[in-house]
Amino acid sequence: MREESWLRPYVRTYWGRFLIIIALGCLTILTASMLMFTSGFLISKAALRPENILMVYVPIVLVRTFGISRSVVHYVERLVSHDAVLRIVSLMRTRLYRILEPQALFISSRFRTGDMLGVLSDDIQYLQDVYLRTVFPSLIALVMYVGSIAALGFFDIRFALFMALYVFILVAVLPWVSLLITKAKSRLAKQQRNNLYSKLTDAVLGMSDWVISGRQSQFVAAYEADEQEAARVNGQLKSWARWRQLIGQVVVGLSVISMVIWAAHEYAGGHISATLIAAFVLVVFPLMDAFMPVSEAIEKIPSYQTSLQRLGEIERTDGDGATCETADRVAGEKTSGVSAEEVRSLAASDVHLTVQHVSYRYDEASPWSLQDVSLDLPQGKRIAIIGRSGAGKSTLLKLIEGALKPSSGTVSLNGTDAFAIGDHMPQVVSVLNQSPHLFDTTVANNIRLGDRDAEDEDIQRAAAQVKLDQLIESLPLGYKTPMHETGQRFSGGERQRIALARVLLQNNPVVVLDEPTVGLDPRTENDLLATILDTMKGKSLIWVTHHLAGAEHMDEIIFMENGRIEMRGSHAELMETSERYRNLYRLDRPEAFMVK
Amino acid sequence: MDRNLLGYKGIKPTLAAVLLLTLVQSVSIVLLARWLAEVLSALFAGEPLHTQYNKIMMFLGAFLVRHIMGFIQQKISYAFAERTGASLRKQVMEKLFQLGPRFAKQEGTGNLVTLVLEGASKFRNYLELIVPRMAGISIIPWVILIYIFMQDITSGIILILAMPILIVFMILIGLAARKHTEKQLDTYRTLSNHFVDSLRGLETLKLLGQGRSHSDTIARVSDRYRSATMRTLRVAFMSSFALDFFTMLSVAVVAVGLGLRLINGEITLVTGLTVLILAPEYFLPVRMVGADFHATLDGKEAGAAMQLIIDEPLNQESDMEHAGQEERKLSWTKDSCLSLSGIGVQHQQKGPHSLDQVSLNIHGMGKIGIIGASGAGKSTLIDVLGGFLKPSEGSVILDSQQLGSLTTNAWRKLTTYIPQHPYIFGSTLAENIRFYAPDKAASDVERAAAAAGLSELIRTLPHGAEEMIGNGGRQLSGGQEQRVALARAFLSDRPVMLLDEPTAHLDIETEYELKQTMLPLFENKLVFLATHRLHWMPDMDLIIVLEHGRVAETGTHEELIARRGTYYELTQSQLGGVE
């Protein structure tokens, strides 16, 4: 099973720590048991009324030692186990990141629904429990099981085997039955929960429709019915947990009695001294406590499955479909066919981007995403690309960014194949997209992402160019203001300006603008566009847009439909020749408003 | 202790039953200890085993009674928790729908969903734990203590002294831990969010060429996160350490004391053993409260958060509706007249007005455009007109009936609403279209789909109109979502349509086509269209221009252009384009 690869390697890496944790766990139980054992012995011994108090000196010291050390050992055990698990989490995170990183440009299209990345991160967080709640307690119980039976076997092998049966019920039979009973139900409960979750999210997001339709009480009733069904299943699970607890206690009670009877026989047979009767019986209680949690630990196993599956799938799917080339490249450990040197000299010169008769489809069976597209972009040319969703704009951009390899035709920068440049592409082509991520760090660090070596003055200059300097300086902490505190204060336009400042720091000859103004109101959109065009003088621009505002400033406007270029030309040409273009242009600049 | 707790329905019988069971339980604990001690000391004294069988059985009986009592307690508490949790959740749900979409947006969809689902189950967990824990801590230690005092006063004194020390230490350490966590909360938050923040920003990192190198940063930050967590845990685990330490130490001290007094012949072995068995039991209830402390705290907070929503004041006319005016039918015909006078909306007391002194007169059918800069109050006006929001000032008169506001079901039944992103329910396409009018026939649905320009799409879907769409189904494009909403509105036959920025986010070709579809559907209806897309305005019969929450001017496109007022300025500044 592939999923196990998210658990097993870490056991190998940290087996030393694991051993220490298990040893400490056993020691915790041992000290608690020995406290009762020595106490029982001490009292019995004292009841014999020895002449000299020194006769019970050793048991007294032991009782005190065990009384103090149990809490200390337990404290250390918890710290060590959490430390080990956090180390594992750190490794898991790096690993997940390394898996996702090569597919970064395809993530948004692959995980269209929901916050998949957040879910994956939570999955890793959740897998801590595999170790803390399941692996460690089970292993500790197992070691204690073997150890205590062996110790008892030292006195009487037959009785030891008999007691082994009792404990077997606690560490094996009950957990197994528990797993059997709860497995299907837990899965059902989880399913019901997910179902409730999506139903409720649906309802809250579509609340205005429910309110207007006047059907809200209908929804509440249907939802409550589902909740009740979920509560019923949950109640069954709880009920079993209670029964399990009770059965476990009955086993404890029976083993105490068995121990009483055995100890009495042993004493009568002269095999043990009278002082050990109470000791043997009292030690049963704390010892059995160690075995009770095993059922719960085992019962949790199915709940890890979903997380493990999800993580397993991430690894599996990086070898298929949209990302196959990327994965191949990573598998080959060769980041690109072009050296860093060559890319640097490319970036320093004028770049002539050419796209020649490019077609693309994901595989043989799928339809063409792009067919026979050609572009010619000498340094400084500006083009706009317009088309509906699915027209092939994003595919074209990915080809230019070197993330995809054309099925036929070539994409090249000064004759160098774009796909070969691959991971070095950010040194040549900058991208400003619809929702650039602003990281949870300071404003200055966010801008600095464009160029890690940038000085504070460079950052301030970039901020001034995107006209954010005054706003940032007005913040109490200025450039050191943490981003999450500006979340409310920075509007959509301002966030785009921060991203624009990054692009300016990158200072690349070619810039791709992927609908950076979607969702902004016209005033903000116009201002932002003005800033972009102003700061991007001399750079080649490829601007994917959904409006024609600003189209006059482009050298060429390209209309795409179904993977092909439908119409192209400069603004003036298209206004002249195309009725369709005129109609669309009028939506942005209605003639009715052109008042003389 | 939670003061609300005693206010929940059914708490009294539950509490009474649990208290009674706990009392029985504590007596059985004392008995089982006593009987076991008697058996052990008899065997110690050399009595044959068979004379003890009765006692052994009595011990077993007491032992079982103790655990059966616990079993019943848990069952009762769970039933109570389940009932109370469900009723609280139901109240929250109903309240949410009364408060409407504006409240949901303000609180955040994710937060509300989490509160209703996770919060309710945490709260249930809390109730389930708190009842038996409280009963346990208020009975068991005291019964045991009284019995120990009757047996051996010295041990009793040790135990009674240990309890306050233990509790004081636990609280002190708990406070220290909280202070410690609070102090580094900010670093801690950044560190723990760093990973998910990195994943969400992965595309951006990659585009900036930082994807590779960032994986080292992740390892480094994860490591810092670990050290920070461990620093916190070192303190946090101290409180359970103290609990453990004092319990075990007390047991040890009691045991040693018993031993010494046995040597001196002050007590008997039976007493010694009984006290020794009872000593850990004395501390058990406190330890259980300590172990469940965080779970109960979480649940208590969740319950308080839910109560807060239930107590949220209702900005609606529901009082009037309850007063029997539910039946009042409203209608909108070509002769109807709606007048708003002096409408003002203030989201916070003493805050700025989103709408201020808005007065309008609307007659019959027609297309009304609402325009203004961002923040001028377009959406707020649509919310008032759609009955989602009760204005804080002003009055509404509909066909000479005085209404406090439009937030009544009667008015909502006349309206349909199309926002920028219409919500598509996780259901079939046909069900989505039928949403306002669930009883319409398939042929009507088909006609509505055709009118909204969906026929082409339906033809290409494998299951036609029965195709699953929305969450978990086929994703529609922005333009298609608008068409579904249009079909919904068309099928419902309601006379009033409200649209809030329906096309601004679409590409211009889709927008152009959608406009061609929409205009005919607007005929013979009262349409309110709020947008900043100017091209709609010449098609409107009346334009309302908003500025800073006030009506700046009204009129047709030609009139307003001729006036050269706010409208003219607005259009010119937008058309100024990109310099």
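What counts as what
- Residues numbered from 1 in each chain as written.
- Chains lettered and ligands numbered in written order.
- Predicted model: local features only at pLDDT ≥ 70, side-chain atom pairs only at ≥ 80, totals over all residues.
- Heavy atoms only, no water.
- Helix = DSSP H or I, 4+ residues; strand = E, 2+ residues; numbered from the N terminus.
- Rg over C-alpha atoms; globule rule 2.2 N^0.38 Å.
- Buried < 20%, exposed > 50% of the residue type's maximum accessible area, 1.4 Å probe, protein only.
- Contact = heavy atoms within 4.5 Å.
- Areas by Shrake-Rupley, 256 points an atom, 1.4 Å probe, with all protein chains shown as cover.
- Lys, Arg positive; Asp, Glu negative; His and termini not counted.
- Charge placed at Lys NZ, Arg CZ, Asp CG, Glu CD.
- Buried area = accessible area lost by both parts, 1.4 Å probe.
- Salt bridge = Lys/Arg side-chain N within 4 Å of Asp/Glu carboxyl O.
- Polar contact = N/O pair within 3.5 Å; in protein donor to acceptor, adjacent residues only side chain to side chain.
- Nonpolar A, V, L, I, M, F, W, Y, C, P; charged D, E, K, R; others polar.
- Expected span 1.5 Å × (residues − 1).
- Bend = angle between axes of the 7 residues up to and from the residue.
- Pairing = 2+ DSSP bridges.
- Axes fitted to C-alpha atoms, helices over the stretch in contact; angles between N-to-C directions.
- Domains from an automatic or database assignment.
- UniProt positions renumbered as here; feature names shortened; annotations may be inferred.
- Phe/Tyr/Trp six-rings, centres within 6.5 Å; stacked < 30°, edge-to-face > 60°.

So, the overall build of chain B
Across its full length, chain B holds 19 helices and 12 strands. Whereas a compact globule of 579 residues would reach a radius of gyration of roughly 25 Å, chain B reaches 35 Å, over 25% beyond that. The buried share among the 579 residues of chain B stands at 56%. When contacts within chain B are restricted to residue pairs at least 6 apart in sequence, long-range pairs at least 24 apart make up 75% of them. Carbon and sulfur atoms make up 56% of the accessible area of chain B, which amounts to about 24400 Å² in all. Computed over 54 positive and 57 negative side-chain charges, the inter-centroid distance for chain B is 6 Å.

As for the overall build of chain A
Counting secondary structure elements, chain A contains 23 helices and 10 strands. Taking 2.2 N^0.38 as the reference for a compact globule, 596 residues should give roughly 25 Å; the C-alpha atoms of chain A span a radius of gyration of 35 Å, well beyond that estimate. Dimensions of chain A along its principal axes, counting C-alpha atoms only, are 120 × 60 × 55 Å. When the 596 residues of chain A are sorted by exposure, 55% land in the buried category. Of the roughly 25500 Å² of accessible surface on chain A, a fraction of 56% belongs to carbon and sulfur atoms. In chain A, which carries 60 positive and 65 negative side-chain charges, the distance between the mean positions of the two groups comes to 7 Å.

Looking at the interface of chain A and chain B
Accessible area lost upon the coming together of the parts is a frequently used measure of interface size. At the junction of the two partners, chain A supplies 152 residues and chain B supplies 152 residues. The largest per-residue losses of area from chain A upon contact with chain B belong to Y97(A), I212(A) and F593(A), which jointly make up 6% of the total buried on that side. Linking chain A with chain B are 14 salt bridges, by the criterion used here. Of the charged contacts, one joins R488(B) and D209(A) as a salt bridge, the two residues approaching to 3.3 Å between their closest N and O atoms. Linking chain A to chain B there are 35 residue pairs in polar contact (both at pLDDT 80 or more). Sorting elements by how many residues they give to the side of chain A that touches chain B places helix α8 (residues 216–268) of chain A first, with 25 residues. Among the residues forming the side of chain A that touches chain B, the class breakdown is 79 nonpolar, 40 polar and 33 charged.

Here we look at helix α5 (residues 185–200) of chain B
Helix length check: α5(B) (16 residues) gives 22 Å between terminal C-alpha atoms against 22 Å at 1.5 Å per residue, within 8%. The sharpest bend along α5(B) reaches about 45° and sits at H194(B). Listing the buried residues of α5(B) in full gives L191(B), H194(B), F195(B), V196(B), D197(B), S198(B) and L199(B). Each element contacted by the buried residues of α5(B) is listed here: α3 (57–100) and α5 (116–155) of chain A together with α6 (202–207) and α7 (211–263) of chain B.

Comments concerning the pairing of strand β12 (residues 550–555) of chain B
Residue and element names in this part refer to chain B. As defined by bridge partners, strand β11 (residues 542–547) adjoins β12 across 5 bridges and the pair is classed as antiparallel. Across the sheet, residue E547 finds its bridge partner in β12, namely R550. Here β11 folds back onto β12 in antiparallel fashion, the turn holding 2 residues, of which H548 has a positive phi close to 50°.

Details of the sheet that holds strand β2 (residues 370–377) of chain A
All names here are of chain A. Strand order in this open sheet of 4 strands is β2-β1-β4-β5, and the pairing throughout is antiparallel. At either end of the open sheet lies a strand with only one pairing partner, and these are β2 and β5 (416–417). Pairing of strand β4 (residues 408–413) with β5, which is carried by 2 bridges, proceeds in the antiparallel orientation. When the sheet's bridge partners are listed, L413 is paired in β5 with T416. Together, β1 (353–360), β2 and β4 form the strand contacts of helix α14 (residues 393–400), whose direction differs from that of β2 by roughly 55°.

Here we look at the domain arrangement of chain A
All names here are of chain A. In terms of domains, chain A is made up of domain 1 (3–321), domain 2 (340–428 + 510–593) and domain 3 (439–507). At the interface, 12 residues of domain 2 touch 12 residues of domain 3. For the pair domain 2 and domain 3, the two sides together bury roughly 940 Å², of which 63% comes from carbon and sulfur. Taken as a group, L528, T531 and T535 account for 43% of the area that domain 2 buries against domain 3, more than any other trio of residues on that side. At the junction of domain 2 and domain 3, the tally comes to 0 salt bridges. Counting the contacts that link domain 2 with domain 3 gives 5 residue pairs in polar contact (both at pLDDT 80 or more). A total of 6 residues in the side of domain 2 that touches domain 3 trace back to one element, the largest contributor, which is helix α21 (residues 522–535). When its residues are assigned to classes, the side of domain 2 that touches domain 3 shows 7 nonpolar, 3 polar and 2 charged.

Digging into the UniProt feature "domain: ABC transporter" (unreviewed entry) in chain B
As annotated in UniProt, the feature "domain: ABC transporter" (unreviewed entry) corresponds to residues 338–573 of chain B in the numbering used here. End-to-end, the C-alpha atoms of residues 338–573 of chain B are 33 Å apart, and along that stretch the chain is 33% helix and 28% strand.

Concerning the packing of aromatic side chains
Summed over the entire model, instances satisfying the criterion amount to 35 aromatic pairs over all chains. Ring geometry for F18(A) and Y131(A): centres 5.7 Å apart, planes at 85°, overall edge-to-face. Of this pair, F18(A) sits in helix α2 (residues 15–47) while Y131(A) sits in helix α5, and the two are 113 residues apart along the sequence. Exposure class is identical for F18(A) and Y131(A). Each is buried. Summarising the aromatic geometry, the rings of F123(B) and Y126(B) are spaced 6.0 Å apart at their centres and angled 40° between planes, so their arrangement reads as tilted. A residue pair is termed a helical-turn pair when its members lie 3 or 4 positions apart in one helix, as F123(B) and Y126(B) do in helix α3 (residues 109–151) at 3 residues. When sorted by exposure, F123(B) lands in the same class as Y126(B), which is buried. Members of the aromatic cluster, joined through ring pairs, are F37(A), F154(A), F155(A), F159(A), F162(A), Y166(A), W262(A) and F280(A).

Some points on the UniProt feature "domain: ABC transmembrane type-1" (unreviewed entry) in chain B
UniProt feature "domain: ABC transmembrane type-1" (unreviewed entry): in the numbering of this structure it lies at residues 16–298 of chain B. Taken as a whole, residues 16–298 of chain B contains 93% helix and 0% strand, while its terminal C-alpha atoms sit 25 Å from one another.

Regarding the side chain of S339(B)
Looking at where S339(B) falls in the secondary structure, it is placed in strand β1 (residues 337–346). By relative accessible area, S339(B) is classed as buried at 15%.

Remarks on the environment of L533(A)
Residue and element names in this part refer to chain A. Relative to the helices and strands, L533 resides in helix α21. Using a relative accessible area of 9% as the deciding quantity, one classes L533 as buried. A sequence separation of 435 residues divides L533 from R98, and the C-alpha atoms of the two residues are 36 Å apart.

With respect to the pairing of strand β3 (residues 366–371) of chain B
Residues and elements named next belong to chain B. For β3, the tally of buried residues reaches 6 of 6 residues, placing the bulk of the element in the interior. Across the two faces of β3 the burial is the same, with G366, I368 and I370 and K367, G369 and I371 all buried. Taken together, the 5 bridges between β3 and strand β10 (residues 526–530) define a ladder with parallel strand orientation. Of the residues in β10, the one forming a bridge with K367 is V527. Note that β3 and β11 share 4 bridges and pair parallel. Directly across from I371, in β11, lies its bridge partner V545.

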